[in-house]
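Examination of the molecular architecture
So the chains spell out like this:
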Amino acid sequence: MSVEAVLSRISEIRSQIDTLRGGSAAATSTSSSAGSTSASSSAFADALATATGNTGTGTATAAAGAAAATSSAPATSVDAGAGTLATGSGATGSDVVADAKKYLGVPYVFGGTTTAGMDCSGLVQTVFKDLGVTMPRVVPDQAKMGVEVGSLKDAQPGDLIIPKGEGHVVIYVGDGKVLHAPRPGKDVRIVDNWYSDADIATIRRIVPAQASATPATTATTAASSATDLQTAALLSMMQTGSAA
């Protein structure tokens, strides 16, 4: 097979790949073109199977892998919900702590949600609002949001600690310390955590503790993997053609 013939074949296969990616196939091909396309597709499938170490299922396996990667991507949301993490804003527990520290020194004001004054749940709602996450206003409702953390030893920065009775809420900042708006006459501050597991009603994680891959990143990785397989198949065909 000449170099020109190999390049022509590669061009045909690339055209087929572009058509498949667009989700449509040419419906007006002549019988001669259909025969050529079938032969080229078969050659590509064989080359792809060789490149991936499979026989007859290389293309289907690659497509199924990409589809599985996309379908397994977590759903995103900017609204806090029960039993799920609010991943849509991209905020993490570290972001929660960093934003909460902006309010250190703000005086406690019952019902407050501004720098003029805020209470414990107002502080929590405001911090998450800053990060693009919608949270309920009062502690009993905040105590239902996110996913539950088993115990203090599993707590991560940004988690919310709610004591029994649900009359208060504090933000865990790490190293055994919490940030909160205590009571009238006090201001927002960081102190040593005084709660034990026996004192706690629930620990809630509202956003991921750490950044994770987004669906877009997952899809891009899958597409890149499929492209690598296609490139390997083309190279395999070229080598076969050269040997012929």
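Residues numbered from 1 in each chain as written. Predicted model: local features only at pLDDT ≥ 70, side-chain atom pairs only at ≥ 80, totals over all residues. Heavy atoms only, no water.

Here we come to helix H4 (residues 93–100). Looking only at H4, the buried set comprises Gly93, Val96, Val97, Asp99 and Ala100. Looking straight down H4, one finds that the buried residues subtend no more than 165 degrees of arc, so they occupy a single side. In this structure, the buried residues of H4 make contact with helix H5 (120–130), strand S5 (170–174) and strand S6 (177–180). (Buried < 20%, exposed > 50% of the residue type's maximum accessible area, 1.4 Å probe, protein only. Helix = DSSP H or I, 4+ residues; strand = E, 2+ residues; numbered from the N terminus. Arc of directions from axis to C-beta. Contact = heavy atoms within 4.5 Å.)

With that settled, consider H5. Where burial is concerned, most of H5 is hidden: eight out of the 11 residues are buried. Looking one or two residues past H5, Gly132 carries a phi angle of roughly 85 degrees, positive in sign.

The tally for this structure, following the rule as stated, stands at one aromatic pair. On the numbers, 4.5 Å between centres and 40 degrees between planes, the contact of Trp194 with Tyr195 is tilted. (Phe/Tyr/Trp six-rings, centres within 6.5 Å; stacked < 30°, edge-to-face > 60°.)

So, on to the packing of H4 against H5. The geometry of H4 relative to H5 is characterised by a closest axis approach of 9 Å and an angle of 115 degrees between their N-to-C directions. As H4 runs across H5, the sense of the crossing is right-handed. Contacts from Val96, Asp99 and Ala100 of H4 reach H5 at Val127, Phe128 and Asp130. Considered class by class, the residues forming the contact of H4 with H5 number four nonpolar, no polar and two charged. (Axes fitted to C-alpha atoms, helices over the stretch in contact; angles between N-to-C directions. Left-handed = near helix turned anticlockwise from the far one by under 90°. Nonpolar A, V, L, I, M, F, W, Y, C, P; charged D, E, K, R; others polar.)

Quick look at the sheet that holds S5 now. Read from one edge to the other, the open sheet built from six strands follows the order S3-S8-S4-S5-S6-S7, with strand pairing classed as antiparallel. Because the sheet does not close on itself, it has two edges, and the strands there are strand S3 (147–148) and strand S7 (189–192). Across two bridges, strand S4 (residues 160–163) lies against S5 in antiparallel orientation. For Ile161, the partnering residue across the bridge sits in S5 and is Val170. (Pairing = 2+ DSSP bridges.)

Leu123, Phe128, Met135, Leu160 and Ile206 are the most contacted members of the largest nonpolar core, which totals 31 residues. By residue number, the principal contributor to this core is H5, which donates five residues. In this view, Ile206 contacts Ala80, Thr84, Leu85, Ala86, Phe128, Val133, Met135, Met145, Gly146 and Leu160; residues no more than four positions away in its chain are not counted. Counting residues in hydrophobic clusters, the runner-up holds 10 residues, among them Ala155, Tyr172, Ile200 and Ile203. (Core = buried A, V, L, I, M, F, W, Y, C linked by side-chain atoms within 4.5 Å.)

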